[in-house]
Amino acid sequence: MNKKKNYRFDTQVIHAGQSPEDWQGATLSPIYQTASHLHPTAENLTQTFAGKRDDHIYMRLTNPTNRVLEEKLAALEGGPGAVVMSSGMAAITNTCMALLRAGDEFVTGNSLFVTTYNLFIKVFSKYGITARLVESTDTEAIEKAINSKTRFVYLETIGNPKMDVPDLEQVASIAHRHGIPLVVDNTLPTPYLLRPLDMGVDVVIHSTTKYFSGHGGSMGGVVIDGGNFTWSQERFPDFKAFIDRKGPLALLDKIWREYHINFGTTQAPLHAYLTMIGLDTLALRMERHLKNAMKVAHYLKERPEVLWVNYPGLEDHPSHGVALKQFGGKGFGGMLTFGLKDQAACFRFINSLQLIYHLANLGDSKTLVIHPYSSQYYAQDEPTRQALSVPDNMIRFSTGIEAVEDICEDIGQALDSL
Ligand SMILES: Cc1ncc(COP(=O)(O)O)c(C=O)c1O
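Criteria and cut-off values
Residues numbered from 1 in each chain as written. Predicted model: local features only at pLDDT ≥ 70, side-chain atom pairs only at ≥ 80, totals over all residues. Heavy atoms only, no water. Helix = DSSP H or I, 4+ residues; strand = E, 2+ residues; numbered from the N terminus. Rg over C-alpha atoms; globule rule 2.2 N^0.38 Å. Buried < 20%, exposed > 50% of the residue type's maximum accessible area, 1.4 Å probe, protein only. Contact = heavy atoms within 4.5 Å. Areas by Shrake-Rupley, 256 points an atom, 1.4 Å probe, with all protein chains shown as cover. Lys, Arg positive; Asp, Glu negative; His and termini not counted. Charge placed at Lys NZ, Arg CZ, Asp CG, Glu CD. Pairing = 2+ DSSP bridges. Axes fitted to C-alpha atoms, helices over the stretch in contact; angles between N-to-C directions. Polar contact = N/O pair within 3.5 Å; in protein donor to acceptor, adjacent residues only side chain to side chain. Near = heavy atom within 4 Å. Nonpolar A, V, L, I, M, F, W, Y, C, P; charged D, E, K, R; others polar. Parallel < 35°, antiparallel > 145°, perpendicular 65-115°, else oblique. Left-handed = near helix turned anticlockwise from the far one by under 90°.

Undergrad: Residues and numbers for the overall build of the protein chain, please.
TA: Scanning the protein chain from terminus to terminus reveals 16 helices and 12 strands. What you see for the protein chain is a C-alpha radius of gyration of 22 Å, in line with the 22 Å of a compact globule of 418 residues. Put simply, the protein chain has 418 residues, and 57% of those count as buried. Put simply, 73% of the contacts in the protein chain that link residues at least 6 apart link residues at least 24 apart. For the protein chain, the accessible area works out to roughly 17,500 Å², and carbon and sulfur atoms hold 52% of it. The average position of the 39 basic charges and that of the 45 acidic charges among the side chains of the protein chain differ by 5 Å.

Undergrad: Provide a residue-level description of the sheet that holds strand β11 (residues 368-370), including the pertinent values.
TA: Judged by pairing direction, the sheet is mixed, and its 5 strands sit side by side in the order β8-β9-β12-β11-β10 without closing on themselves. Two strands lie at the open edges of the sheet, namely β8 (308-310) and β10 (357-358), each paired on one side alone. Each of β9 (335-339), β10, β11 and β12 (394-398) touches helix α14 (residues 343-352); the most contacted strand, β12, lies at about 35 degrees to it.

Undergrad: Before we move on, could you go through the side chain of D364 and cite the residues and values that matter?
TA: Note on placement: D364 falls in the loop between β10 and β11. Within the structure, the side chain of D364 is placed 3.5 Å from the side chain of S365, a separation counted as a polar contact. Here D364 is in contact with G214, H215, G216, H289, S398, T399 and G400, once residues within four sequence places are set aside.

Undergrad: Describe the site of the ligand, and please don't skip the residues or the numbers.
TA: Around the ligand there are 14 residues in total, and M89, D185, S207, T209 and K210 lie nearest to it. Residue N160 places a side-chain N or O atom 2.9 Å away from an oxygen atom belonging to the ligand. Protein contacts shield 91% of the accessible area of the ligand, which totals 390 Å² for the unbound molecule. Per-element tally for the shell around the ligand: the top contributor is helix α4 (residues 88-99), with 3 residues. Looking at the shell around the ligand residue by residue, the class counts come to 5 nonpolar, 7 polar and 2 charged.

Undergrad: Tell me about the packing of helix α12 (residues 282-302) against helix α16 (residues 404-416), and please be specific about residues and values.
TA: Orientation of α12 relative to α16, taken along the N-to-C sense of each, is 30 degrees, at an axis distance of 10 Å. Between α12 and α16, the angle is such that the two are roughly parallel. α16 is crossed by α12, and the crossing has right-handed handedness. Of the residues in α16, those touching α12 at N292, K295, V296, Y299 and L300 are V404, I407, C408, I411 and G412.

Undergrad: I'd like a description of the pairing of strand β7 (residues 221-225), backed by residues and values.
TA: Within a regular strand, the side chains alternate between the two sheet faces. Of all the 5 residues making up β7, 5 are buried; the element is thus mostly covered by neighbouring parts of the structure. The side-chain alternation of β7 yields two buried faces, one formed by G221, V223 and D225 and the other by V222 and I224. Alignment of strand β1 (residues 81-85) against β7, held across 5 bridges, turns out to be antiparallel. Considered in β7, the bridge of A82 is made with I224. The pairing of strand β6 (residues 203-207) with β7 spans 5 bridges and is classified as antiparallel. Its bridge partner being in β7, I205 is matched across the sheet by V223.

Structure follows, in structure tokens:
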């Protein structure tokens, strides 16, 4: 690969970070299954600990296989640096912790993956941190919620499972006007559909467990730092040492040094390897996910048993305009939700499926469904389920890459049984 050439996304997704010349000609990165690395001299190890050399020390800190994945993911999102971690939640936790101190606040949408919501509301509140929840697509509400204690704005680029799409350019400019960064979880669109850093976003997080890995076979997360935010402001006095050490990548250094290595949220190199194998087909898979989801949305619209379909690709969806602009007409994501008569109908529907899998995941090549109200949101009280837009008659549907006719036929026979 010519490292100076600006390859297209579909090429980069396969070739970024590849260096077979360093891997004895192997075309897949070796799995460096080693807890620690030998250092030829005492001076070498000292310099590495001081950050003057880029060598590896110990797997909890860095690992050569993980580093290849970091290079690939940074290239795909167009950022200068990335750190991979053990899960998407590890990436979210470490990023927020690096940005927050006791007593701080941040502004976030009411459209959040349930574990992120629990972390923000139930865990952070124990440490005197306040997450101000507003409507994710209401830019005025976002701006109003910002005050002198706010350290960042956090949004999902397609809300899971609300399926709303915030206008990133607008929110980024509001955040920057107030001297704070915008952090987003871009798991659902993936950079195939959306590159938030190009729209002024400062930090991008993913659960690599989903579309990147693509086969439900590995777990991981990543933080990609855009390197554009100015941390040397009054609001971020705790960034000084990290700015001195890493300049524009001060946040990534803080995340890594203060949290990732102390919390021990290491990505197992086997999982990084499996994620890289998944990445080779990301562009192809996304193309099919997006096409299939659109067809499924239209099919569901036609069925009398289905009360509503929530998919930003449908013209009557409140986020359709923003999604069309932001995703450049490529598609609208692989996930959607729809409503049946009640919870009993949802259960009958799920129990009648013959092809589609019923499980708690998304972004797999296989089509997956879940009834969030009675599963992931089981422990939430009723006002919280309502605030997060999780009614009891809702099915969440992650469209796979099978023949769409077979997907629709399975939905059809399950609806027939209601
Ligand atoms: C949008 C989103 N972000 C983050 C996560 C957390 O990722 P992980 O399960 O890899 O910790 C999930 C998991 O479903 C998710 O859907």
